[in-house]
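Coordinates in review
Residues per chain are reported as follows:
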Amino acid sequence: MFRAVFDFLGQRYFDHSYFASKSIAMNILVVGGAGYVGSHAARCLVDAGHGVWVFDNLVFGHEQAAPVGRLIRGDLHNRELLSGILREKQIEAVMHFAAFAYVGESVQDPAKYYHNNIVGSLSLLEAMRTARVSKIVFSSTTATYGVPETVPIPEETPQSPINPYGFTKLAIEHALRDYAHAYGFGFAALRYFNAAGAHHDGDLGEDHDPETHLIPLALQVALGQRERIAIFGTDYPTPDGTCIRDYVHVDDLASAHLLALDRLKQGEGLQLNLGTGHGHSVREVIDACRHVSGVDFRVVEAERRPGDPPELVADASRARSVLGWEPRYTEIEPIVRTAWNWHSRHPRGYAS
Ligand code: UDP
């Protein structure tokens, strides 16, 4: 990745060809920056010349995924630790990725989700108030929409989540709106569709335990680590009967975070969908995984997974117009290729 950092009138600017933006370098705390999307964003920030610190409890994050020497291990609930770090490192903006994100588990154990995702996030916001840091980019989700009536889904779609995970993310979106109004916070709530793929350098990728997502599971079957992949539901009202999702590359998510950082304004908030606007069915994704891996692995048909809407595709026009964001990956095969590059070289994830 090409980067030129230069001094201009005493301030540090960077010119970054990937993001085509010019921006003042800042000190950023990336909360949850050792996780899947957070680590890609942290890498992107470092590449762009920002001063980056990662704060992560490593429950789901991986030490190796954080920029070297920049990881601070700690918990979101430790408000004093957080406000101390914000002050000591002279943090100017926060990116907040830390959350539990298993939809099924959120139904089984909502207390865990409300406590971590809401109470933990509020602790972070209070630490920010104490330290007078008021800019934040927050990871939100398509799960805040529940089962939308129309597809593609614009941001104005009523948000009515159907599981505790979605509620916790929506609650923090509301808190951010109120904090912007009352305390002058500037925020961006970025609603991800299906994050997928791996870093183009090949050394960051998806490593969840347990893994529940379609692409890594299918590629694990291709690697012989699992026997088969099950298609959850083949009788949906879609052309091939399987669910359609909007798979957005994790590098593209990261670049959107960088662009959003430049647009944060005190007292204002941005709510933006991050998707490509293109949908792919489960069968199409599995075909792409077979084609890219060159392995004709076993696929079985199974019951629907509770809570899966038939089709979730973003109307992503607002992120394009507001941020000037252009996802580089809009087709499924190139996305799967980056994921295969990661999984085939790291068959045991970061432990490889
Ligand atoms: N899916 C599937 N088999 C699996 C895992 C997922 O058929 O083993 C389907 C799932 O029902 C959904 C799509 O693949 O329609 C994407 O699921 P994933 O868990 O990757 O992301 P989600 O859409 O739940 O965020």
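First things first, this report covers the structure right here in the doc. (Residues numbered from 1 in each chain as written. Predicted model: local features only at pLDDT ≥ 70, side-chain atom pairs only at ≥ 80, totals over all residues. Heavy atoms only, no water.)

Some thoughts on the nonpolar core
As a rule of thumb, soluble globular proteins bury nonpolar side chains together. Residues V30, M95 and L261 are the most contacted members of the largest nonpolar core, which totals 38 residues. Within the residue set of this core, elements represented by two or more residues are β4 (27-31), α1 (36-47), β5 (51-56), β7 (93-96), β9 (186-192), α7 (250-263), β14 (269-274) and α9 (317-323). If you tally residues by element for this core, the top one is α7, at 8 residues. Once residues within four sequence positions are removed from consideration, M95 is found in contact with I28, L29, V30, V31, A41, L45, V137, H257, L258 and L261. Among the nonpolar cores identified, the runner-up in size contains 28 residues, and L82, L86, I172 and A180 belong to it. (Core = buried A, V, L, I, M, F, W, Y, C linked by side-chain atoms within 4.5 Å. Buried < 20%, exposed > 50% of the residue type's maximum accessible area, 1.4 Å probe, protein only. Helix = DSSP H or I, 4+ residues; strand = E, 2+ residues; numbered from the N terminus. Contact = heavy atoms within 4.5 Å.)

Details of the pattern of salt bridges
For the coordinates displayed, the defined rule picks out 17 salt bridges. Notably, a salt bridge pairs R245 with D308, separated by 3.6 Å at the nearest N-O pair. Here R245, found in strand β12 (residues 244-245), pairs with D308, found in the loop between β16 (298-302) and β17 (311-312); they are 63 residues apart in sequence, far enough to count as distant. For the pair R245 and D308, one class covers both residues: buried. In the salt-bridge network here, residues are joined through shared partners; they are R43, D201 and D203. (Salt bridge = Lys/Arg side-chain N within 4 Å of Asp/Glu carboxyl O.)

Here's the deal with the pairing of strand β11 (residues 228-232)
Each regular strand shows side chains that alternate between the opposite faces of the sheet. The two faces of β11 differ: I229 and I231 on one face are buried, but R228, A230 and F232 on the other face are not. Pairing analysis gives 5 bridges linking β11 to β16, with the strands arranged parallel. In the strand pairing of β16, A230 is matched with V300. (Pairing = 2+ DSSP bridges.)

Here's the deal with the sheet that holds β7
In space, the 7 strands of this open sheet follow the order β6-β5-β4-β7-β8-β9-β14, with parallel pairing throughout. Each having just a single partner strand, β6 (71-73) and β14 make up the two edges of the open sheet. Each strand axis lies, on average, 20° off the axis of its neighbour in the sheet, ignoring direction. The pairing of β4 with β5 spans 5 bridges and is parallel. The residue of β5 that forms the bridge with V31 is F55. Sitting on the sheet, α7 touches β4, β7, β8 (135-141), β9 and β14, and the angle it makes with β9 is about 160°. (Axes fitted to C-alpha atoms, helices over the stretch in contact; angles between N-to-C directions.)

Side note on the sheet that holds β12
Taken in spatial order, the 3 strands make up an open sheet running β15-β12-β17, and their pairing is mixed. Across the chains shown, the open sheet's two edge strands, defined by having one partner strand only, are β15 (280-281) and β17. Summarising the sheet, β12 and β15 pair through 2 bridges and their orientation is antiparallel. Within β15, the residue paired with I244 across the bridge is S281.

Focus on the site of the ligand
Inspection of the region around the ligand gives 15 residues, with L214, A230, F232, R305 and D308 positioned closest. At a separation of 2.9 Å, an oxygen atom of the ligand approaches a polar backbone atom of L214. Within the side chain of R245, a nitrogen or oxygen atom sits 3.0 Å from an oxygen atom of the ligand. Relative to its unbound accessible area of 510 Å², the ligand is 87% covered by the protein chains. Listed by contribution, the elements that provide at least two residues to the shell around the ligand are α6 (214-222) and β11. (Near = heavy atom within 4 Å. Polar contact = N/O pair within 3.5 Å; in protein donor to acceptor, adjacent residues only side chain to side chain. Areas by Shrake-Rupley, 256 points an atom, 1.4 Å probe, with all protein chains shown as cover.)

Remarks on α1
Taking 1.5 Å per residue, 12 residues should reach 16 Å; α1 reaches 17 Å between its end C-alpha atoms and fits that length. Across the 12 residues that make up α1, a large majority, 11, are buried. Along α1, the residues that are buried comprise Y36, V37, G38, S39, H40, A41, A42, R43, C44, L45 and D47. Just downstream of α1, G49 is the residue with a positive phi angle, here 95°. (Expected span 1.5 Å × (residues − 1).)

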